[in-house]
Structures are given as C-alpha cells and as structure tokens.
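Take a look at the letters that make up each chain.
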Amino acid sequence: MGMAGVQENGHGEMGMSDFPLGSKNKYKRMDSDFTDDDDQYQLERRKKSTRKYVFGCAVFASLNNVLLGYDVGVMSGAILFIQQDLKITEVQQEVLVGVLSIISLIGSLAGGRTSDAIGRKWTMGFAAVIFQIGAAVMTIAPSFEILMVGRILAGVGIGFGVMIAPVYIAEISPTIARGSLTSFPEIFINLGILLGYVSNYAFSGLSAHISWRVMLAVGILPSVFIGVALFIIPESPRWLVLQNRVEEARLVLMKTNENDSEVEERLAEIQQAAGTADTDKPVWRELLSPSPALRRMLITGIGIQCFQQITGIDATVYYSPTIFKAAGIEDESKLLAATVAVGVSKTAFILIAIILIDKVGRKPLLYVSTIGMTTCLLGVGITLLLMKEGSISIALAILFVCGNVAFFSVGIGPVCWVLTSEIFPLRLRAQASGLGAVGNRMCSGLIAMSFLSVSRAITVGGTFLIFSVISALSIAFVYKHVPETKGKSLEQIELLFQDEYAFQGGEVQLGDVEHLVQK
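Analysis parameters
- Residues numbered from 1 in each chain as written.
- Predicted model: local features only at pLDDT ≥ 70, side-chain atom pairs only at ≥ 80, totals over all residues.
- Heavy atoms only, no water.
- UniProt positions renumbered as here; feature names shortened; annotations may be inferred.
- Helix = DSSP H or I, 4+ residues; strand = E, 2+ residues; numbered from the N terminus.
- Contact = heavy atoms within 4.5 Å.
- Areas by Shrake-Rupley, 256 points an atom, 1.4 Å probe, with all protein chains shown as cover.
- Axes fitted to C-alpha atoms, helices over the stretch in contact; angles between N-to-C directions.
- Parallel < 35°, antiparallel > 145°, perpendicular 65-115°, else oblique.
- Left-handed = near helix turned anticlockwise from the far one by under 90°.
- Nonpolar A, V, L, I, M, F, W, Y, C, P; charged D, E, K, R; others polar.
- Buried < 20%, exposed > 50% of the residue type's maximum accessible area, 1.4 Å probe, protein only.
- Phe/Tyr/Trp six-rings, centres within 6.5 Å; stacked < 30°, edge-to-face > 60°.
- Polar contact = N/O pair within 3.5 Å; in protein donor to acceptor, adjacent residues only side chain to side chain.
- Core = buried A, V, L, I, M, F, W, Y, C linked by side-chain atoms within 4.5 Å.

The protein is annotated in an unreviewed UniProt entry as Major facilitator superfamily (MFS) profile domain-containing protein from Solanum tuberosum. We quote the UniProt Subcellular location (unreviewed entry) comment for the protein here in full: "Membrane".

As structure tokens, then:
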C-alpha cells in the first residue's frame, strides 16, 4: 500500500516511475488548476528523455557498422599501396578485397545463434573484439599471407556486426520511429566509407610501406567506443522475454516507450509472439522447411539483401579509382579526391532516407532508389563504352557514379536492413536475419572478387551495363515481393505475412492487420 501511495498522482492514476512528479505534486489538491498542466509537462519530459535514450542506443549499436564502411572505403585506396609494397598480383588484389565479404558470412551465420545464446548486446561486443584482432594483424602484416589472416578475422567480426545491429535496434525501437532508427547502421556504414576515403587521401603522401598500414590501423579506433557502449545500452526486451526475464524486459520498455499503456501493450504482444512459437521444433528446421508465411518472409528478406549487392554497389565503392581511371583520370591524388566525392554523396543522401522512411514508407523509397540506380548504372556503362577519354567523359562518369550511390542511399541501402530486421517472427528473427546477411555478404564478395576479371574481359563499361540490367530486375522484385511495413509493430508485420491476400496487395492498413489478430 505504501508503494501504491507513492505512485498514484492526483487523479488516482499511476505515475511514471522513471519521472517523479516532484514535491509540489505531493501537496497539490486533486482539483488544482495546475495538475493537468503539470501532467502534460511530465509527459513531454518523458517523451524527450525516451527519444534521446532510444537515439543513443541506436547510435551505439550502429558503431560496428563504421568498421565495415571504413574497411570498404579505405581498401579502395590502400590496395594501390599494398600492391606496390607487397608486389601482389591482380588476382591476389581481387581475393584480398573480396574475401572479407565472403568470410563475413561465417560471422553472420554464427551471429544468429550467438545472439540467441548470449544476447544481442554482447554479440555486438564480441564482433568488435574479433575485428580489432583482425585489424591489428593486418596493420603489422609482413606478407600477403599474414595480411589474409587478418582480413579473414576482420571479416568474421564484420559478419557478426552487420547482422545483429539492425535486429537489436528494431527490437528496442518504438513502432513510430523504427524505420528511421533501424536505418542508422546504413548511415554508419556510409560514414565509415567516407572516413575511409578521407583516410586514403590524408595518408597517401606517406611511403608505400607505411601508408596502407596507417590507413588500416585507424579502423581500430571505433572499437574503443563500442566497448564503452556495452555498459550504457540495455539488452533487447524481446530477447529478455525469450529468456523469461519479463520484469527486466518491462524496465527496458519503460525506457524506450513514451507511456505506460504502450509499454504493457508491447510487452503483451511480445509475450504472445514468444508463447505461440513452436519451441519443440529447432529454428534451423523451421527455416529449412518453412511454412508458406515464413517462405514469403525468407523470399523478401534474403531477396532484398542479395539485390542490394548484385547491383554492384560494393564494386563501385571498392573500385571507384579503377572506374575513374577508365574515364580518363590518371593522377593518383586526383583519383583519390574523386572517390571522396563518391563518399560524400553516399553519406549525404542517406539522411533523406532517414527523414522519409517512416513518413512515406519503405516501398516508395525502394521504387525511387532502384529506378534511379538503374538509370545511373546505364549512364556509367554508356559513358565508358561510347565516349572518348576527356573532361566530358570524366565529368559524366563522376556524375553517374555519385548518382548511383546517392540513389542507393536513398532507398535500398537502408531499407534492405530495415525490412530484414522487422519481417521475421521473434523466435526466428536473429537467425533468419543472419541468413539475409549471409546472402548480402556472399553477393558482395562474389561481385568484389570478380569485378576486375570481368571488366578486363568485357570492359568496365560493359560490366556496368550488366549491373543496370540486374538493377532493373530489382524493380520487379520490389513490386512483387515487398509489402509495406510502415507504422506496424513487429508482431503485426508477422501477421501480415500470414495473410497471402494482404501480402500480395503490398499496401495494408493497420486496421486490416488488427482484424487478422481477431481471426
């Protein structure tokens, strides 16, 4: 009774445990003219605090993605100096660049089970430690073989990081802001790429033996901030429910939702989703013999992840100096300066997606993105094939390459990770998202490891024409297989995929999904 007396406010309603109503409220009459204003003040105060807290969690959870972005960006320039210093062949260059993505699928596959076992938060920490070790080995590598060992370790760490960050953010975010917040990992990938390009330009004046080592060593720094973040961010409430730690989950939801009624509603939905799972059937058996609803989820999640990469975005970023050299830029410092423009474009336009993803929805952004990418990829191919080297060719190549990465960042770049993190059922989410990340990393690695060979066989321009055809196919995939998930809770999205008519219709109203719950 004493606790009840402390928590009740003037209206006989429960107060907000994290925000004391203050000493004035203790003595305020029930019919006071100021009570409503004070309640509104406390509500606004809680909203601001909640938004800051969730924003901070999303930022800290996304730091691992800086590592991936930095590696992608820095390797585009570092490979020039590695070739000079270690005298590696063209095939070795392709293997060195592409192996990180291929090996990262090991981390992504293991990441699902690891995050189910030790939690989402500590999986992020584990990823950072592995990457740090790999980056340190690469920095001091005296030979190509040792460099490959470090590259493989870094790849495993990145594999863990890229699959778990979107899952964690989706599980702690309130429904209304989930799309924007789950896009943060893509923002940080872009930020990392830009930092990698800047690092290339900044250290390009050093000797070939030293420059690439300094470039790779700088990538260790974000891991320090990740270590600090582990002591600040909470565990995922949905993972806590799966571990029967319901009260801890409620406390986390109190910090990440704006009112108590929403906390209880979300907690009830999570408990229901966890309770309806077939716990006797292993997760991997469900994924290998999926129900019709799960099959639709897997097609959407893995398909969008693969299309994100087979349209050639990593090849564009890794080999942008090669592309610009084909257009006519010969000076090495100018090549690296042009790649900085690519990094700025890719980073700046992600902000548009963050603003719009929860307003206009996932699917419209995907249409704009895939159509724009198809146009720009076609433009790069035509420019390199039909125009002679010169200032016009260089200008058009830079314009179309920057346009391609900009359209990528507006849509399929961030939306891909948002969709994969929100469409799968709670019990399968981590491991199914891991499968999507595996598809993403495998496609990235295959493209990166074959780009130079294919370009030599059919020219750089011909390679980009192939990318434009694949990008056109992605438009059709979005139309047929991607439903709109804006404004729906994770549990409601699961129900959406269970109804084939609603899934095929693409656009589903929240009331329609709620009607499914009643069936």
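## Focus: the overall build of the protein
Within the protein, the regular secondary structure consists of 27 helices and zero strands. Considering only intrachain contacts with a sequence separation of at least 6, the fraction spanning at least 24 residues in the protein is 81%. Split by element, the accessible area of the protein, about 21200 Å² in all, is 65% carbon and sulfur.

## Considerations on the packing of helix H21 (residues 362-386) against helix H22 (residues 391-410)
To describe two helices that pack against each other, one gives the angle between their axes and the distance between the axes. Where H21 contacts H22, the two axes come as close as 8 Å, and the packing angle between them is 160°. Our classification of the angle between H21 and H22 gives roughly antiparallel. Regarding H21 and H22, the two cross each other, and that crossing is left-handed. Contacts from Leu365, Val368, Ser369, Gly372, Met373, Cys376, Leu377, Gly379, Val380 and Thr383 in H21 reach Ser393, Leu396, Ala397, Phe400, Val401, Gly403, Asn404, Phe407, Phe408 and Val410 in H22. Per-class residue counts for the contact of H21 with H22 are 13 nonpolar, seven polar and no charged.

## Considering unusual backbone geometry
Positive phi values are uncommon outside glycine, yet Lys87 reaches one of about 55°. With respect to the helices and strands, the residue Lys87 is situated in the loop between helix H4 (63-86) and helix H5 (90-118). Its identity is not glycine, yet Asn244 carries a phi of approximately 60°, on the positive side. Residue Asn244 is classed as exposed on the basis of its relative accessible area, which comes to 68%.

## With respect to the packing of aromatic side chains
Summed over the entire model, instances satisfying the criterion amount to seven aromatic pairs. In textbook terms, an aromatic cluster arises when at least three aromatic residues are bridged by ring pairs, as seen for Phe451, Phe464 and Phe467.

## Considering the environment of Leu86
Tracing the sequence through the fold places Leu86 in helix H4. Judged by its relative accessible area of 19%, Leu86 falls in the buried class. Along the primary structure Leu86 and Ala208 are separated by 122 residues, whereas in three dimensions their C-alpha atoms are 9.4 Å apart. For Leu86, the residues in contact, after removing those within four places along its chain, are Pro142, Ser143, Phe144, Leu147 and Trp212.

## Comments concerning the packing of helix H23 (residues 412-422) against helix H24 (residues 429-481)
Put simply, H23 and H24 touch, their axes get as near as 8 Å, and they point 150° apart. Here H23 is positioned roughly antiparallel relative to H24, judged by the angle of their axes. Contact residues: Cys416, Trp417, Thr420 and Ser421 in H23; Arg429, Ser433, Ala437 and Asn440 in H24. Grouping the constituent residues of the contact of H23 with H24 by class yields three nonpolar, four polar and one charged.

## Here's the deal with the side chain of Ser199
Structurally, the position occupied by Ser199 is in helix H9 (residues 184-203). Reaching out from Ser199, the side chain makes a polar contact with the side chain of Tyr70 at a distance of 3.0 Å. Apart from the residues lying within four places of it in its own chain, the contact partners of Ser199 are Tyr70, Val74 and Met215.

## So, the nonpolar core
Ranked by internal contacts, the top residues of the largest apolar core, which has 116 residues, are Ile82, Leu147 and Phe451. At 14 residues, the largest contribution of residues to this core is made by helix H7 (residues 144-172). If sequence neighbours within four positions are ignored, Leu147 has contacts with Ile82, Leu86, Leu96, Met138, Ala141, Trp212 and Leu216. Residues Ala249, Leu253, Met254 and Val263 belong to the second largest nonpolar core, which totals 11 residues.

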